[in-house]
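# Tertiary structure, described
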Amino acid sequence: MILGYRIRPLLAAALLAVFAVCMVFFRFAAVSDRHRKFEEARGRDQVAIVQERMAPLAALLAPFETVGYATDLAEHNTKKATWVLSQYALAPAILLEGWEWPLVVEDFYSSLPAGGIPSGYVPVRDTGRGVFLLEKAKR
Amino acid sequence: MNPLAWIPTLLFPFGIGYFLTTFFSSLPGGEASGCGRCLFRLSLAGGLGIGLVSALFFFWKILVFPSGQYFFWLETALLLATGALAVLYGRRGKTGDVAPAVSPSEWDGVSLCLLAALLVSLLAVAVMFYYFSAERPHGGWDAWGGWNLRARFMLRGGDRWTEMFGRLSKEMHPEYPLLTSAFIARGWGYVGGEDPALPAAVAAIFTFGTVGLLVDAVSFRKGKIQGVLAGLLLIAPPLYVLHGSSQYADVPFGFFVLVATVLAGRLARSGEDGLGTALLCGLVASFAAWTKNEGILFLAVLAAVLLAGVALRVAGSRFGARNVAYILVGALPVLAAVAYFKLALAPGTELLELQGKEQTLPRLLDLSRHLQILKAWAWDMSVGYFGPAGILYLLLSGVKAEGDERREAILPLSVLILMLSGYYLVYAASPFSLDWLLGTSSSRVLLQLWPLYLYLVFFLALPPVRAGRLERVPAPPGGEAAHRKKRKKGSLRH
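Read on for an overview of the structure.

The rules we used
- Residues numbered from 1 in each chain as written.
- Chains lettered and ligands numbered in written order.
- Predicted model: local features only at pLDDT ≥ 70, side-chain atom pairs only at ≥ 80, totals over all residues.
- Heavy atoms only, no water.
- Pairing = 2+ DSSP bridges.
- Helix = DSSP H or I, 4+ residues; strand = E, 2+ residues; numbered from the N terminus.
- Axes fitted to C-alpha atoms, helices over the stretch in contact; angles between N-to-C directions.
- Contact = heavy atoms within 4.5 Å.
- Parallel < 35°, antiparallel > 145°, perpendicular 65-115°, else oblique.
- Left-handed = near helix turned anticlockwise from the far one by under 90°.
- Nonpolar A, V, L, I, M, F, W, Y, C, P; charged D, E, K, R; others polar.

This part takes up the sheet that holds strand E1 (residues 66-71) of chain A. All names here are of chain A. Spatially, E2-E1-E3-E5-E4 is the arrangement adopted by the five strands of the open sheet, whose pairing is mixed. This sheet does not close on itself; its edge strands, each paired only once, are strand E2 (94-97) and strand E4 (121-126). Between one strand axis and the next, the sheet turns through 35 degrees on average, direction left out of account. The pairing of E4 with strand E5 (residues 131-136) spans five bridges and is classified as antiparallel. Looking at E5, one finds that tyrosine 121 is bridged to lysine 136. Against the sheet, helix H2 (residues 46-58) makes contact with E1, strand E3 (103-107), E4 and E5, and its axis sits at roughly 35 degrees relative to E5, the strand it touches most.

The following block contains the structure:
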């Protein structure tokens, strides 16, 4: 037998080591390249962007106050992500999707819709960045 | 933020973990099962300390001060107490009666080359970890949408922090256990701000701690070459560092699963009452349940395997009932935290709540769902984790597990198979869209068992034995246990 009892484990070890090191460094090259582009583009993470958008509202909401959340984003995952990110930014207020609460955060990423603020709501705060805190108008 | 505050934030838990491991290794059975080895203690210390401090902080907030104030003093007292235990008992336990499977050879050319490859690769992985953390300082979706979100509520919620469990949307999983969240909340309180570097540091401790633990666990039984190779293959897949830096709880969970299973396997092999090893095993296993919901499945699996070992003496298992009792004692304190959290605070899990005979049975009988799961797992295991590389390695090098080794391998193998079966069943019965569930969790679920899988591969593989270098130690008459007894009595001289 060409590959003897002693050679086989040693060969297996050598092959595995070469494979593992190559995989690490192929990945390293790709990640380094991506990171360089990220830095050149002065990329920012999405959490920081949403936190900045929501920052003016944080002080207006009481801890554990339930607030509605609505956005003009249509794509399901993006919509969910901005809601969860807004919850992260506004904790410890509770942010739930929908209009069932006296206070609602309306989060516009495109221009304001033609109708503007929905009827029955008055703006409490306009952050100037497309984010409004709306209050249900008292009848 | 006070930079000096990082010392108690990270070094205190590390010290507590290190001292506690030293103490456990000094108890009967601790040293023999390798708990006293330097790399083991250093690698385990961070994770163990984080787990312990996290559970204590939870109790403190529930029972003493809901806002968490004065916890620093309790932690300082714990550090001093564990330090004293380690100093008083640490030296006493150094009996030197470790019986490794291969002789403690010096580093030779091959193993040194492999060690250099591992260290250079680790450096590259550390740089990648830094890049990922710089691009996503708050981690991935589940980090800001779950683990770190709950940490924010624990910190910002003050006395009312427990309200989050009943009021947060279920999509943010308020029912998930609090190991990482409580630790991060406590740390943010210490440093005086929500510095994203803290969850990133916690993620790094577990990501690199797992490497150290795996290298040590394999080296202890199979020699340095096998240990270093296991470490290399652990970090090779791109998903390991990606998920590690995402600040998810899957890597911490895999860390605890690896340690608890390896220690339980060593107890099954020794056939002696191992108080220190069993207590540590129980404590670490309970941290798995304090980390993720899957930890409850892990505890059930571990308990089932241990009890089966005691009852049936499968394949000559010498696992004593007393060891099982010690494991239970070790697990009880943290299990109390898990039980209180699950019964009094956490809302129900949708995955279970949405089950019913009429809905679940058709899902389980749907063949296309099974094919879908197997396809996703095959893809993740091969492309994501290079799992077949381990199998090929086994085929090429050959399998070697006899007698005591086989006894030691049965336990981790059973745990791995049962855990995979449990995950499979959860996917098959899931009320959610299987496409979505597999797409968002399959690779992370497999990551939880990736270190344990590698441990088994390298434990079973025939190590590269070179004439005159690594020689197998001939088994002493009567097995290792009898050998140790003789050494204790002084009838064997070295």
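Once the structure has been displayed, the description carries forward.
We now examine the environment of Gly158(B). All names here are of chain B. Among the structural elements, glycine 158 can be located in the loop between helix H5 (141-156) and helix H6 (163-167). Counting along the chain gives 71 residues from glycine 158 to leucine 229, while the straight-line C-alpha distance between them is 47 Å. Apart from the residues lying within four places of it in its own chain, the contact partners of glycine 158 are Lys61, Pro66, Ser67 and Phe153.

All names here are of chain A. Orientation of H2 relative to helix H3 (residues 76-90), taken along the N-to-C sense of each, is 55 degrees, at an axis distance of 8 Å. If you check the angle between H2 and H3, you find them oblique. In this structure, the crossing between H2 and H3 has a hand that is right-handed. Contacts from Gln46, Val47, Val50, Gln51, Met54, Leu57 and Ala58 in H2 reach Leu85, Ser86, Tyr88, Ala89 and Leu90 in H3. A breakdown of the residues in the contact of H2 with H3 according to their chemical character gives nine nonpolar, three polar and no charged.

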